[in-house]
Amino acid sequence: MKENVIMKKYDIVICGGGIAGCAAAIAAARRGKKCALIEKTVFPGGLATSGLVLVYLPLCDGKGKQIIYGLSEELLHLSNRYGPVDVDPKWKEGKGRYQVHFSPASFVLALDEMLTGCGVDVWYDTLVIGTEVEEDRLRKIKIANKSGILEIAADIFIDSTGDADLAAYSGCECMNATNAMVTWVVEHREAEDSSRFTFGKDLSTLIMSSPITNSDTPPGIDGRLVTDFLLEGRRRYRERLKEDYRDGKESRMTRYPMLLPSMVPLRHTRCIKGKFVLNDNMSEQDFPDSIGLIPEWRGVGPAWSVPYRTLVPEKLRGLLAAGRCVSSINDACELTRVIPAAALTGEVAGIAAALSLDQNLLPDELPYESLKKVLVNQGFPLTFNDLK
């Protein structure tokens, strides 16, 4: 490809247009910053939309108490602006959770509308292929799209790639995790029981998980593995269909695939090693630099506090992490990787980046008290005492 270097300059550049990246871009743009959002696919939303992971997991503790506010809540309702489902109000009685499932396509339309409405300069079908670091500070990124190879500079970058690609390309120390084989498929199902994530009587979602355990599947930071992971997931789905189709044409007419994920459905890959690593056995633990609380989505259980230091790389400057890229490992990663937590860390990263620019600082220099003041004013519970 002919290298056609064109310099663009922004206040803040967010790499990765998943839920975390969208939240970061919206939060920073709402604070008046000139922002670009770089996304390798043609859809915003990441695994929530391209991966068909169409369940906006809970914002509450399962006992009727809300844990997460801000953009996490705003995006939950946005997901069905053009969709069919509403939140079940019984969650306030502890009957069910403050969560919702959504049509991925409706969420894409609504996210596009919100991003452009906030003035975010969105770059779809654009891949980050390199970075430029000067004296431990990230200064530029190199991207590739139909225009060629371009350079983009910014005062502050946010890594919301889901794989800490921006940090890794810049030489930042990262941590890896392993995976399980899980594939989400939207099917047509007629005259058959639907899944609990259904749209009317004919469309349903199949979550096809594998007996492969996390310890058996390596991290998805290898190009060959990513392709093999996708092919294996689709092969297993074909085998399942063949088994179901054994009765002939009638089965094929009443059940067949409608949508397959268009990005690799890896749950864990690579995250930054931050100034703090959130790890096992840290639930219900307050931190002096908490940016918010996240609920246990796998059942009624203890909430977790997220320190600001998990967003800040240990050494690389001028960069913040958001979503699956934040500094968390083992069981803590299971909590920080999901949609509500990604929206929380994305929003905070966007706010912190904007505040840093306002104070002529880098994110690692930002006084926590100035960030805390904004979060408190926006109604974020930061400690477990705030929930009482």
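*Asks:* Help me out: how do you make sense of the overall build of the chain in this one?
*Replies:* Summing up its helical and strand segments, the chain has nine helices and 17 strands in all. Over its C-alpha atoms the chain spans a radius of gyration of 21 Å, differing by no more than 12% from the 21 Å that the globule rule assigns to 388 residues. Overall, the chain is about 65 × 60 × 40 Å in size when its C-alpha atoms are taken along their principal axes. Looking at the chain residue by residue over its 388 residues, the buried ones come to 56%. Considering only contacts in the chain between residues 6 or more positions apart, those separated by 24 or more positions represent 71%. Of the side chains in the chain, 47 bear a positive and 51 a negative charge, and the two mean positions are spaced by 1 Å.

*Asks:* Help me out: how do you make sense of the pattern of salt bridges in this one?
*Replies:* A side chain of one charge can pair with a side chain of the opposite charge if their charged atoms are brought near each other. Under the defined criterion, the tally for this structure stands at 21 salt bridges. For D358, the salt bridge identified is with K33, shortest N-O distance 2.5 Å. A residue pair is termed long-range when its members are at least 10 positions apart, and D358 in helix α8 (residues 339–358) and K33 in the loop between α1 (19–30) and β2 (35–38) qualify at 325 residues. D358 gets classed as partly exposed once you look at its relative accessible area, which sits at 48%. A salt bridge links E93 to K95; the nearest nitrogen and oxygen atoms lie 3.5 Å apart. Judged by its relative accessible area of 54%, E93 falls in the exposed class. Residue class for K95 comes out exposed when judged on its relative accessible area of 51%. Connected via shared salt-bridge partners are E132, K140 and E151.

*Asks:* Which parts of the structure should I look at to understand helix α3 (residues 104–117)?
*Replies:* Residues spaced three or four apart along an α-helix face the same direction, because each turn holds 3.6 residues. Compared with the 20 Å implied by 1.5 Å per residue over 14 residues, the 20 Å span of α3 between its first and last C-alpha is a close match. Those residues of α3 that sit buried are P104, S106, F107, V108, A110, L111, M114 and L115. Lining the buried residues of α3 we find α1, β2, β3 (55–56), α2 (71–78) and β5 (121–123). One or two steps after α3, the chain reaches G119, where phi turns positive at roughly 85°.

*Asks:* Help me understand the nonpolar core in this model?
*Replies:* Burial of nonpolar side chains together is a common tendency in soluble globular proteins. Residues V13, I38, Y56, L75, I141 and L371 are the most contacted members of the largest nonpolar core, which totals 108 residues. With 11 residues, the single largest contributor to this core is α8. Setting aside residues up to four positions removed in sequence, L75 forms contacts with I19, A23, Y56, F107, L111, M114 and A343. Counting five residues, the second-largest nonpolar core is a separate cluster that includes V185, Y237, L241 and Y245.

*Asks:* Looking at this model, I keep getting lost on the packing of α1 against α2. Mind explaining?
*Replies:* Helix-helix packing is characterised by the crossing angle of the two axes and by the distance between the axes. Where α1 meets α2, the closest approach of the two axes is 11 Å, and the angle between their N-to-C directions is 115°. Our classification of the angle between α1 and α2 gives roughly perpendicular. Here α1 runs over α2; the crossing is right-handed. Of the residues in α2, those in contact with I19, A23, I26, A27 and R30 of α1 are L71, E74 and L75.

*Asks:* Before we go on, may I ask you to explain unusual backbone geometry in this structure?
*Replies:* Negative phi is the rule for most residues except glycine; trans is the rule for most peptide bonds. Phi is positive for N281, close to 65°, though the residue is something other than glycine. For N360, which is not a glycine, the phi torsion comes out positive at approximately 55°. Among the structural elements, N360 can be located in the loop between α8 and α9 (368–377).

*Asks:* Help me understand a nonpolar patch on the surface, please; the structure alone is not making it clear to me.
*Replies:* Where nonpolar side chains cluster on the molecular surface, the patch consists of Y256, M258 and L259 and spans about 270 Å² of accessible area. Mapped onto the elements of the fold, L259 is located in strand β13 (residues 255–259). Exposure remark for L259: the relative accessible area of 45% places this residue in the partly exposed category.

*Asks:* Is there a simple way to explain the packing of α2 against α3 in this structure?
*Replies:* Axis separation between α2 and α3 bottoms out at 9 Å; the angle between their running directions is 130°. It follows from the interaxial angle that α2 and α3 lie oblique. Here E74, L75 and L78 of α2 come into contact with α3, specifically with F107, A110, L111 and M114. Residue composition of the contact of α2 with α3, grouped by class: six nonpolar, no polar and one charged.

*Asks:* Hey, could you run me through the pairing of strand β6 (residues 127–134) in this one?
*Replies:* Every regular strand shows the same layout, with side chains that alternate between the two sheet faces. As judged from the seven bridges shared by β6 and strand β7 (residues 137–145), these two strands associate in the antiparallel manner. Following the sheet pairing, G130 is matched in β7 by K142.

*Asks:* Would you take a moment to explain the packing of aromatic side chains for this structure?
*Replies:* The description of an aromatic ring pair rests on the distance of the ring centres and on the angle between the ring planes. For the coordinates displayed, the defined rule picks out three aromatic pairs. Both rings, one in F102 and one in F107, keep their centres 5.0 Å apart while their planes meet at 70°; by these two values the pair is edge-to-face.

*Asks:* Would you take a moment to explain the side chain of R324 for this structure?
*Replies:* Secondary-structure assignment places R324 in the loop between β17 (319–321) and α7 (331–336). Separated by 2.7 Å, the side chain of R324 and the backbone oxygen of G162 make a polar contact. A distance of 2.4 Å separates a polar atom in the side chain of R324 from the backbone oxygen of L266.

*Asks:* Hey, could you run me through the confidence of the model for the chain in this one?
*Replies:* Caution applies to low-pLDDT regions: their predicted coordinates should not be interpreted in detail. For the chain, the average pLDDT comes to 90, and 91% of its residues sit at 70 or higher. Below a pLDDT of 50 lies the segment residues 211–215, which in the model reaches 12 contacts outside its immediate sequence neighbourhood of four places, other chains included.

Cut-offs applied
- Residues numbered from 1 in each chain as written.
- Predicted model: local features only at pLDDT ≥ 70, side-chain atom pairs only at ≥ 80, totals over all residues.
- Heavy atoms only, no water.
- Helix = DSSP H or I, 4+ residues; strand = E, 2+ residues; numbered from the N terminus.
- Rg over C-alpha atoms; globule rule 2.2 N^0.38 Å.
- Buried < 20%, exposed > 50% of the residue type's maximum accessible area, 1.4 Å probe, protein only.
- Contact = heavy atoms within 4.5 Å.
- Lys, Arg positive; Asp, Glu negative; His and termini not counted.
- Charge placed at Lys NZ, Arg CZ, Asp CG, Glu CD.
- Salt bridge = Lys/Arg side-chain N within 4 Å of Asp/Glu carboxyl O.
- Expected span 1.5 Å × (residues − 1).
- Core = buried A, V, L, I, M, F, W, Y, C linked by side-chain atoms within 4.5 Å.
- Axes fitted to C-alpha atoms, helices over the stretch in contact; angles between N-to-C directions.
- Parallel < 35°, antiparallel > 145°, perpendicular 65-115°, else oblique.
- Left-handed = near helix turned anticlockwise from the far one by under 90°.
- Patch = residues over 30% accessible without salt bridge, like charges linked within 9 Å, V, L, I, M, F, W, Y side chains within 5 Å.
- Areas by Shrake-Rupley, 256 points an atom, 1.4 Å probe, with all protein chains shown as cover.
- Nonpolar A, V, L, I, M, F, W, Y, C, P; charged D, E, K, R; others polar.
- Pairing = 2+ DSSP bridges.
- Phe/Tyr/Trp six-rings, centres within 6.5 Å; stacked < 30°, edge-to-face > 60°.
- Polar contact = N/O pair within 3.5 Å; in protein donor to acceptor, adjacent residues only side chain to side chain.
- pLDDT = per-residue confidence, 0-100.

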